[in-house]
Amino acid sequence: MISYLIRRILIGIPVLLGVTLINFLIINLAPGSPADLYLSPTATPEDVARTEAALGLDKPVFVQYLNWLTQLLHGNLGVSFQNREPVTQLIADRIGPTLLLMGTSLVVAYLVAIPIGIFAAPRRNTAADYGVVGASFLGISVPHFFLGLAMIYVFALTLGWFPTGGMVTLGRGGGFADRVSHLVLPVVVLATAVAAGMVRYVRSSMIDAFGQDYIRTAKAKGLAASVITNKHALRNALIPVVTVIGIDLSALIGGAIVTEQIFQWPGIGLLTIQSIGARDYAVLMGINLIAAIAVFTANLLTDIAYAVVDPRVAYA
């Protein structure tokens, strides 16, 4: 296992470098210059050239990438063009709210999806099963922005049950209940797509498990249906589901960017949108690197978890 992990990490380093290079090239292909945003409309070409030189944007793209890479090797992600703060500090300030939102959404999604998937599998091709499958299709199909706006209209503006956005209510001190009330709507939006996909995985895995010989043997022994489901089928059915967790993380990151923008949640997603609008290359590169490392780490932990839950899997 140790040698496997070392190999995966060594393989992951060039992959991460490739991801940063591709992201850097794409960001620099965007039309316009960050200098245009920091100067008045009456600025002369000389003013633009001086600002680009001050930001290091007058050098060839590959030289700029190598300069960024050199800073990264020294533990420095650069300085934000927009507000002149270190990128590491900006990300550190925003990562807590994003982890809270994503972690809560993941827990809620799994707590809802796994029981529903277990419920639907033994009832295959019944009205209850069709209802679960239809609802999961709907959950996957509805875009985050549409569901978010609908939730705000119904539960915030019409019913007034929850705030429309933000992380705390100004002037109330930001107590536990206040934070939870702000968390409900974005968590529901972000968890819906994850739960919908997970229901389908759990249902399919359970149906496959029910068709195995060891389940027929358990039925022939006269074991109760609950014992067959929970003790024999569920454990084996959840093994392939573990692999989906790593995939869910990358989907959560993409969903969080949209959800945080809709609900003005002060996390990495909102910072990403603000940085794209300001063409803040340094911040965007830092966020892309953190996201790539998070996805790589999640997939590595998923492989480890897969070997733990299934002893037949051995990594040499």
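Above this note sits the structure.
Residues numbered from 1 in each chain as written. Predicted model: local features only at pLDDT ≥ 70, side-chain atom pairs only at ≥ 80, totals over all residues. Heavy atoms only, no water.

### Quick word on the overall build of the protein
Then step 1. Assigned secondary structure in the protein consists of twelve helices and zero strands.
Then step 2. Secondary structure elements of the protein, listed N to C terminal, follow the sequence α-α-α-α-α-α-α-α-α-α-α-α.
Then step 3. Along the first, second and third principal axes, the C-alpha atoms of the protein reach 85 × 55 × 35 Å.
Then step 4. Counting the 316 residues in the protein, one finds 39% classified as buried.
Then step 5. The contacts of the protein with a sequence gap of at least 6 include a subset with a gap of at least 24, amounting to 73%.
Then step 6. Here the protein has roughly 16,900 Å² of accessible surface; of this, 69% comes from carbon and sulfur atoms. (Helix = DSSP H or I, 4+ residues; strand = E, 2+ residues; numbered from the N terminus. Buried < 20%, exposed > 50% of the residue type's maximum accessible area, 1.4 Å probe, protein only. Contact = heavy atoms within 4.5 Å. Areas by Shrake-Rupley, 256 points an atom, 1.4 Å probe, with all protein chains shown as cover.)

### Quick look at the nonpolar core
Then step 1. Of all hydrophobic cores here, the largest spans 37 residues; its most connected members are Met102, Met198 and Met206.
Then step 2. Secondary structure elements with two or more residues in this core: helix H5 (87–120), helix H8 (176–210), helix H9 (213–220) and helix H10 (225–263).
Then step 3. It is H8 that provides the largest number of residues to this core, a total of 13 residues.
Then step 4. With near-sequence residues (within four places) excluded, Met102 lies in contact with Leu190, Leu249, Leu252, Ile253 and Ala256.
Then step 5. Tyr65, Phe81, Leu90 and Met285 belong to the second largest nonpolar core, which has 21 residues in total. (Core = buried A, V, L, I, M, F, W, Y, C linked by side-chain atoms within 4.5 Å.)

### Looking at a nonpolar patch on the surface
Then step 1. A surface patch of nonpolar side chains, about 570 Å² in accessible area, is lined by Ile2, Ile6, Ile9, Leu10, Ile13 and Leu17.
Then step 2. With respect to the secondary-structure elements, Ile13 resides in helix H1 (residues 2–29). (Patch = residues over 30% accessible without salt bridge, like charges linked within 9 Å, V, L, I, M, F, W, Y side chains within 5 Å. Salt bridge = Lys/Arg side-chain N within 4 Å of Asp/Glu carboxyl O.)

### Side note on helix H11 (residues 268–278)
Then step 1. Listed as buried for H11 are Ile268, Gly269, Leu270, Leu271, Thr272, Ser275 and Ala278.
Then step 2. Where H11 terminates, the next one or two residues include Arg279, which has phi positive at roughly 55°.

### Focus: the pattern of salt bridges
Then step 1. The final tally for this structure, using the stated rule, is two salt bridges.
Then step 2. Its salt-bridge partner being Asp129, residue Arg203 comes within 2.7 Å of it at the nearest N-O pair. Linking Arg203 in helix H8 with Asp129 in helix H6 (residues 127–141), this pair joins segments that are 74 residues apart in sequence.
Then step 3. Overall, the relative accessible area of 1% leaves Asp129 in the buried class.
Then step 4. Note that Arg216 and Asp213 form a salt bridge whose closest N and O atoms lie 2.5 Å from each other. With Arg216 and Asp213 both in helix H9 and three residues apart, this pair spans about one turn of that helix.
Then step 5. Look at Asp213 and you get exposed, because its relative accessible area is 56%.

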